[in-house]
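# Analysis of the macromolecular model
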Amino acid sequence: MSCSGEIFNDEEESLIQIKPAVKKMLQNAKYGVYGHSTVDVCHWTKKSFKNEGDCYKHKFYGISTHRCMEFSPAGMYCENRCIYCWRPIEFYDSIKMKEDQVSDPEEIVQRLIEERRKLIIGHKGDLRQNQKKIKESLLPSHYAISLSGEPTMYPKLPNLIKYLKTIPATKSIFLVTNGQEPKMLIKLTKENALPTQLYLSTNAYDHRSFMEINKPRYNDSWERWNKSLYILSKTDTRTVLRITLIRGYNDSIKTINGFNKIINMSNPNFVEIKSYMHIGRSINRLDEENMLNIDQVRYFASQLLKNNNRFMFMDESIISRIVVLQNREKLIDRMIKS
């Protein structure tokens, strides 16, 4: 199907589509939408165009901010309703995406690249912005499959990642998962479709806090997540445990032992410890006081390290309120080679 025009047929009409009212809401929020997939030009990409800074992924791992495309093949599908999520979870759909009802990977990628181009092209009119970066950004070299929804719900994810790898400009693919689809993580390994870097979102230190913070839809959600933890420890790619701290929920010193148990079980290359950010739709569920400042994030990280000799401090981003730890026993070059 051509990306240059609107072509509709019976097959396309039978595929999953984001509901029109929700699609309009997303587009008003400057999302690009195609079928069940979404794309965005993030805050840091826009700042990079103005030479006002880069995303922490640039500082930590060498990712070119302006050439990073953040998208999701499951824009409004997720198994959880996390209290700190800034996405429009109130409009999330069911927790099933059938293979015969989803768009093909190549179609999704090409359509979303075009949607992203439309979102970027307006920046060319402002000559104060870096025109070289804007031109380069039109062809992504880094893909972050993490925007909204849960990407591992998309049944053709292995083929999507394999397709991204065939694009000559591709340098890295990051995949962020909530761990509710461990069978998909196994499938990515079996089909030689692992991303460059695999993230597992982590916000709970035990079963009670997991249920309170994630508001999962699966009855066996805790068991699924623990299976994903174990899979992470055996996965042959760069791995990251991303801990989101929420004041009053999971930031006390009493949680340290629980988090260290989880860290040791998953044995990732990196642990990102980040404060909850009071933005988007999360402001309807949490207060600004639920955010930690960078000193509090540093302190929490120091307490983790005090009880875990396997990891060491690697870096931090003050503006993003994040500290990164690195695994001494699985040392790799933090910077991703092109």
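Description of the structure in this document. (Residues numbered from 1 in each chain as written. Predicted model: local features only at pLDDT ≥ 70, side-chain atom pairs only at ≥ 80, totals over all residues. Heavy atoms only, no water.)

### Section: the overall build of the chain
Assigned secondary structure in the chain consists of twelve helices and ten strands. The globule rule puts the C-alpha radius of gyration for 338 residues at 20 Å, and the 19 Å found for the chain is close to it. Along the longest, intermediate and shortest principal axes, the C-alpha atoms of the chain span 60 × 50 × 40 Å. In the chain, which comprises 338 residues, the share counted as buried stands at 57%. Taking the contacts inside the chain whose residues are at least 6 apart along the sequence as the reference set, 75% of them involve residues at least 24 apart. Just so you have it, the chain exposes about 15300 Å², and 50% of that area is on carbon and sulfur atoms. Between the centroid of the 52 positive side chains of the chain and the centroid of its 39 negative side chains there is a distance of 4 Å. (Helix = DSSP H or I, 4+ residues; strand = E, 2+ residues; numbered from the N terminus. Rg over C-alpha atoms; globule rule 2.2 N^0.38 Å. Buried < 20%, exposed > 50% of the residue type's maximum accessible area, 1.4 Å probe, protein only. Contact = heavy atoms within 4.5 Å. Areas by Shrake-Rupley, 256 points an atom, 1.4 Å probe, with all protein chains shown as cover. Lys, Arg positive; Asp, Glu negative; His and termini not counted. Charge placed at Lys NZ, Arg CZ, Asp CG, Glu CD.)

### Let's talk about helix α11 (residues 256–266)
Those residues of α11 that sit buried are Ile256, Gly258, Phe259, Asn260, Ile262, Ile263 and Ser266. Residues of α11 that are buried in the fold lie against β6 (197–202), α10 (221–234), β7 (238–245), β8 (270–275), α12 (294–306) and β9 (311–317). Once α11 finishes, Asn267 follows within two positions and takes phi at roughly 45°, a positive value.

### Some words on the packing of helix α7 (residues 157–166) against helix α8 (residues 182–190)
One can describe the packing of α7 onto α8 by two numbers: an axis separation of 9 Å at closest approach and a directional angle of 40°. One way to sum up the angle between α7 and α8 is to call them oblique. Our pair here, α7 against α8, has a crossing hand that is right-handed. Mapping the contact onto sequence places Leu157, Pro158 and Ile161 in α7 and Met184, Lys187 and Leu188 in α8. By residue class, the composition of the contact of α7 with α8 is five nonpolar, no polar and one charged. (Axes fitted to C-alpha atoms, helices over the stretch in contact; angles between N-to-C directions. Parallel < 35°, antiparallel > 145°, perpendicular 65-115°, else oblique. Left-handed = near helix turned anticlockwise from the far one by under 90°. Nonpolar A, V, L, I, M, F, W, Y, C, P; charged D, E, K, R; others polar.)

### As for the sheet that holds strand β3 (residues 68–72)
Strand order in this open sheet of ten strands is β1-β2-β3-β4-β5-β6-β7-β8-β10-β9, and the pairing throughout is mixed. Unpaired on one side and paired on the other, β1 (31–34) and β9 mark the two borders of the sheet. Across the sheet, the axes of successive neighbouring strands diverge by a mean angle of 20°, strand direction being ignored. In the sheet, β1 pairs with strand β2 (residues 37–40) via four bridges, with the strands oriented antiparallel. Bridge pairing in β2 places Gly32 opposite Val39. Across the sheet, helix α5 (residues 105–121) is in contact with β1, β2, β3 and β4 (142–145); its angle to β1 comes to roughly 150°. Helix-sheet contacts for α7 involve β3, β4 and β5 (172–177), and the interaxial angle to β5 is about 160°. (Pairing = 2+ DSSP bridges.)

### A look at the side chain of Asn290
Looking at the secondary structure, you find Asn290 in the loop between β8 and α12. Side-chain polar atoms of Asn290 contact the backbone nitrogen of Asp287, separated by 2.7 Å. Excluding residues that lie within four positions of it along the chain, Asn290 makes contacts with Leu245, Ile246, Arg247, Tyr249 and Tyr276. (Polar contact = N/O pair within 3.5 Å; in protein donor to acceptor, adjacent residues only side chain to side chain.)

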